[in-house]
Amino acid sequence: MAAQPQRTSARNVLFIMCDQLRWDYLSCYGHPVLHTPHIDSLARRGVRFDRAYVQSAVCVPSRMSFYTGRYVASHGTTWNYVPLSVAQVTLGDHLRRAGRRATLAGKTHVIPDRHGLMRLGIDPDSDPGRLLLGGGFEQLDRYDGHAPPGPESGYADYLRSHGYTGDDPWNDHVVGALDEQGEPVSGWYSRHAHLPARVREEHSETAYMTDRAIDFVRQQGDAPWVLHLSYIKPHWPLMAPAPYHAMYRDSDTGPIVVADPRTENAHPVLEAYRRAHEDCVSHQDERFVRHVRPTYMGLVKQVDDHLGRLFAELQRLGRLDDTLIVFTSDHGDHLGDHGLGEKELFYEQAVRVPLIVVDPSAAADATRGTVERRLVEAVDVLPTILDALGLDPARHLVEGESLLPLLRGEPPAGWRDCAFSELDYAFRGARTHLDRHPGECQAWMARTERWKYIHHDGLRPQLFDLQEDPQELVDRGDDPQLAGVRREMRDRLADWQLRLKRRTGVDHDYIASHTEYQRKANVLIGVW
């Protein structure tokens, strides 16, 4: 039997993120139909975190927490149209200070802070300007999806070079199909989700970005690298190329979680989402849900198959044994559960995500293939990467915790027993439905082992007993018998907010070296 290669500490980092992938839509997380062997292989080689939570179930604020290691309340990007301030320090900034770089292939959804650049007099076309506008990533190919690719991506030219003609090959072919009469139709309309996209599978978005990642790792040779491979799928529009469009068309698409309206005690914000948002209205029709879920499943399967290509290439190059691999998602998708579409609210389907980490160090051998049930958060990914590379942990900035002790069987005393998430729904129709001011639309979640508490600005709270009601079917936010629980959970939220890091201009070493500094400078204040 051949000797196994010696595992070393991480030299490279592969940070994989899917967009809108539910935690329970992978076979290693228990999905009974979807078979995802390549992602499952990561779980066998590393640790599968069973209770990982994002800091917001909305693309941009969630991603900014991954990229900064800071909570939404700290980085300030509360929703999809809010820029990431140039003052925020990202993964790319931390790496660059150590002489490394963070390379992007795919989506970041960083909203550029052009006003901040203008205020500081930084040319957006300069190297520093481009890095700040891109969230600190050096962009191999940035493609945020949900719209035709712009000049930051080579995908549009790639499509044209393969014969997909027209002014907009993305809408015409990638998210376009031909109906039963041979007429062009748009994948933005969910009734077409059963049709195959006009693009060939090998030219699809997932295949294209995987090709870019493979090309990148080949080109690095023996040089260390950090790559953020960020897929835009299985996010809408739900249109898959053949054969993935039909792979699960006749499969069991699972139960739809629906509360009894007589006992649910639906919160006003929940009711506003259900009534004011077309995606939620549509998902309340079981026919709609059964029609779109198979395509969603096919898109997940496609991602897994292409990750298999990437992992095989890493194996061939000898990079699996010195690369820290992180696999996760920016948030989930309700897919009709709780009468909701999309994400945003705090049900498990939206805020809970898959998180698998493979640490190549021999110190992690004892935990390989295990499941970790401690509460972990999106903010933990950045400090884990810094820790694995032996870089400055930037404790004055970073609010997450490195997962390396959990990966290496050395859990620190006092690991968190509560996870937090935030929502700003001011940009959504629910606000006008409720006749709320834009400054009155914030909500915060605190989730412990048993309780999930949601504090709403100006409205009653929500409370779910996850021990007795794991599907979150009965809101006990105004149950008089649980007033004490609500007070305790609100105190947890208040304590968390008091611990957010606001002194970010200097690090702890600077403070230590400048303590009582005025005496060293012979500044004698109040001395007799």
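A quick note: this is a predicted structure, and the numbers were derived from the prediction, not measured.

Calculation rules
Once a new chain begins, its residue numbering starts again from 1 and follows that chain's sequence as written. Totals for whole chains, interfaces and linings use every residue, but because this is a predicted model, local features are given only for residues with pLDDT of at least 70 and side-chain atom pairs only at 80 or more, for both listing and counting. In computing side-chain properties, one takes all heavy atoms of the structure into account and sets aside hydrogens as well as water. Put simply, DSSP H or I for four residues or longer makes a helix, DSSP E for two residues or longer makes a strand, and each gets a number counted from the N terminus. Values of the radius of gyration come from C-alpha atoms, whereas the globule rule sets the reference at 2.2 Å times the count of residues to the power 0.38. In this scheme, a residue with accessible area under 20% of its type's maximum is buried, one over 50% is exposed, and one in between is partly exposed, where area comes from a 1.4 Å probe on protein chains only. Throughout, a residue-residue contact means that at least one pair of heavy atoms, one from each residue, lies within 4.5 Å. For accessible areas, the Shrake-Rupley method is used with a probe of radius 1.4 Å. Any residue's cover is judged against the shown protein chains and nothing else. Charge assignment: positive for Lys and Arg, negative for Asp and Glu; neither His nor the chain ends contribute. Charged groups are reduced to one reference atom each: NZ for lysine, CZ for arginine, CG for aspartic acid, CD for glutamic acid. Working rule for helices: expected span equals 1.5 Å times residues minus one. Paired rings are identified among Phe, Tyr and Trp, the last through its six-membered ring, by centres lying within 6.5 Å, and are further divided according to the angle between planes into stacked (under 30 degrees), edge-to-face (over 60) and tilted (the rest). Placement of a charge over a ring requires the Lys NZ or Arg CZ to be within 6 Å of the ring centre, with the centre-to-atom vector within 35 degrees of the ring normal. Salt bridges are counted wherever a side-chain nitrogen of Lys or Arg sits within 4 Å of a carboxyl oxygen of Asp or Glu. Two strands qualify as a pair provided DSSP detects at least 2 bridges between them. In this analysis an axis means a line fitted to C-alpha atoms, helices contributing only their contacting stretch, and an angle means the value between N-to-C directions, from 0 to 180 degrees. Every residue is assigned a pLDDT by the predictor, reflecting its confidence on a scale from 0 to 100. Oblique is the label for every angle not falling under 35 degrees (roughly parallel), over 145 degrees (roughly antiparallel), or within 65 to 115 degrees (roughly perpendicular). Ten residues, namely Ala, Val, Leu, Ile, Met, Phe, Trp, Tyr, Cys and Pro, are considered nonpolar, four, namely Asp, Glu, Lys and Arg, are considered charged, and the remaining ones, Gly among them, are considered polar. Definition of nonpolar core: a set of buried residues of the types Ala, Val, Leu, Ile, Met, Phe, Trp, Tyr and Cys, connected through side-chain atoms within 4.5 Å.

Asks: Quick one: what's the story with the overall build of the chain, residue by residue and with numbers?
Replies: What the chain contains, in helices and strands, is 19 helices and 15 strands. Rg of the C-alpha trace for the chain: 24 Å, near the compact-globule value of 24 Å for 528 residues, within the 12% margin. C-alpha extents for the chain along the principal axes are approximately 95 × 65 × 55 Å. Taken over 528 residues, the chain has a buried fraction of 58%. Contacts in the chain between residues far apart in sequence, at least 24 positions, make up 71% of those at least 6 positions apart. Here the chain displays about 22,100 Å² of accessible surface, and carbon together with sulfur accounts for 51% of that area. In the chain, the 62 positive side-chain charges and the 76 negative ones have mean positions that sit 3 Å from each other.

Asks: An account of helix H17 (residues 483-498) is requested, with residue identities and associated values reported.
Replies: Between its first and last C-alpha atoms H17 spans 23 Å; for 16 residues at 1.5 Å apiece the expected length is 22 Å, and the two agree. At its buried positions, H17 is contacted by strand E12 (419-424), strand E13 (442-447), strand E14 (451-456) and strand E15 (462-465).

Asks: Describe the side chain of Thr 384, and please don't skip the residues or the numbers.
Replies: Along the chain, the position of Thr 384 falls in helix H14 (residues 381-388). The exposure class assigned to Thr 384 is buried, which follows from its relative accessible area of 1%. Apart from the residues lying within four places of it in its own chain, the contact partners of Thr 384 are Leu 324, Glu 401, Ser 402, Leu 403 and Leu 404.

Asks: Outline the packing of aromatic side chains, listing residues and values.
Replies: Two descriptors summarise a pair of aromatic rings, namely the distance from one centre to the other and the angle between the planes of the rings. Under the criterion given, the structure shown has 16 aromatic pairs. Their ring planes at 85° and their centres at 6.2 Å tell us that Trp 23 and Tyr 29 sit as a pair that is edge-to-face. A relative accessible area of 15% means that Trp 23 is categorised as buried. Ring pairs connect the aromatic residues Tyr 143, Tyr 155, Tyr 158 and Tyr 208, which therefore count as one cluster. We note Arg 48 situated over the ring of Tyr 29; from NZ or CZ to the ring centre the distance is 4.6 Å.

Asks: Can you explain the pattern of salt bridges? Please cite residues and give values.
Replies: On inspection of all chains with the given rule, the structure shows 51 salt bridges. The salt bridge partner of Arg 274 is Glu 264, with a shortest N-O separation of 2.7 Å. Linking Arg 274 in helix H10 (residues 268-276) with Glu 264 in the loop between strand E7 (226-230) and H10, this pair joins segments that are 10 residues apart in sequence. Arg 368 is the salt-bridge partner of Asp 365, the closest N and O atoms lying 2.8 Å from each other. Judged by its relative accessible area of 37%, Asp 365 falls in the partly exposed class. Residue classification places Arg 368 among the buried positions, given a relative accessible area of 18%. Within this structure, Arg 48, Asp 50, Glu 348, Arg 352, Arg 373, Arg 447, Lys 452 and Glu 472 form a network of salt bridges that share partners.

Asks: Lay out the sheet that holds E12 in plain terms, naming residues and giving numbers.
Replies: Taken together, the four strands give an open sheet; going across it, the order is E12-E13-E14-E15, and neighbouring strands pair in antiparallel fashion. If you trace the sheet from one side to the other, it starts and ends with E12 and E15, each paired once. If you compare each strand with its neighbour and ignore which way they point, the axes differ by 10° on average. Bridge count between E14 and E15: four bridges; the pairing is antiparallel. Its bridge partner lying in E15, Tyr 453 is registered against Leu 463. The sheet strands contacting H17 are E12, E13, E14 and E15, and the helix crosses E14 at an angle near 70°.

Asks: An account of the confidence of the model for the chain is needed here, citing residue identities and associated values.
Replies: Looking at the chain, the pLDDT average stands at 96 and 98% of residues meet or exceed 70. Counting contacts from residues 1-7, a segment whose pLDDT is below 50, to residues more than four positions away or on other chains yields eight contacts.

Asks: Break down the packing of helix H1 (residues 37-45) against helix H12 (residues 286-317) for me, with residues and values.
Replies: The N-to-C vectors of H1 and H12 enclose an angle of 60°; their axes lie 7 Å apart at closest approach. Judged on the interaxial angle alone, H12 and H1 are oblique. Seen from H1, the contacting residues are Pro 37, His 38, Ile 39, Ser 41 and Leu 42; seen from H12, they are Lys 301, Asp 304, Asp 305, Leu 307, Gly 308 and Phe 311. By residue class, the composition of the contact of H1 with H12 is five nonpolar, three polar and three charged.

Asks: Can you explain the pairing of strand E8 (residues 323-329)? Please cite residues and give values.
Replies: Of all seven residues that make up E8, seven are buried, and the element is covered over most of its length. Across the two faces of E8 the burial is the same, with Thr 323, Ile 325, Phe 327 and Ser 329 and Leu 324, Val 326 and Thr 328 all buried. Taken together, the seven bridges between strand E1 (residues 12-18) and E8 define a ladder with parallel strand orientation. Its bridge partner being in E8, Cys 18 is matched across the sheet by Ser 329.

Asks: Just give me the short version of the packing of helix H9 (residues 205-219) against H12, but keep the residues and values in it.
Replies: For the pair H9 and H12, interaxial distance at closest approach is 10 Å and the crossing angle is 10°. Between H9 and H12, the interaxial angle falls into the category roughly parallel. Each of Thr 206, Ala 207, Thr 210, Asp 211, Ala 213, Ile 214, Val 217 and Arg 218 in H9 lies in contact with H12, whose residues at this interface are Gln 302, Val 303, His 306, Arg 309, Leu 310, Glu 313, Leu 314, Arg 316 and Leu 317. When grouped by side-chain class, the residues that make up the contact of H9 with H12 number eight nonpolar, four polar and five charged.

Asks: With reference to specific residues and values, describe the nonpolar core.
Replies: Ranked by size, the top nonpolar core spans 70 residues in total, and within it Phe 15, Phe 49, Tyr 273 and Leu 355 carry the most contacts. Residues within four places of Tyr 273 in sequence aside, it is in contact with Cys 280, Leu 340, Glu 344, Leu 345, Leu 423, Tyr 425, Arg 428 and Ala 430. Grouped together as the second largest cluster of nonpolar side chains are 62 residues, Ile 16, Tyr 29, Leu 42 and Met 297 included.

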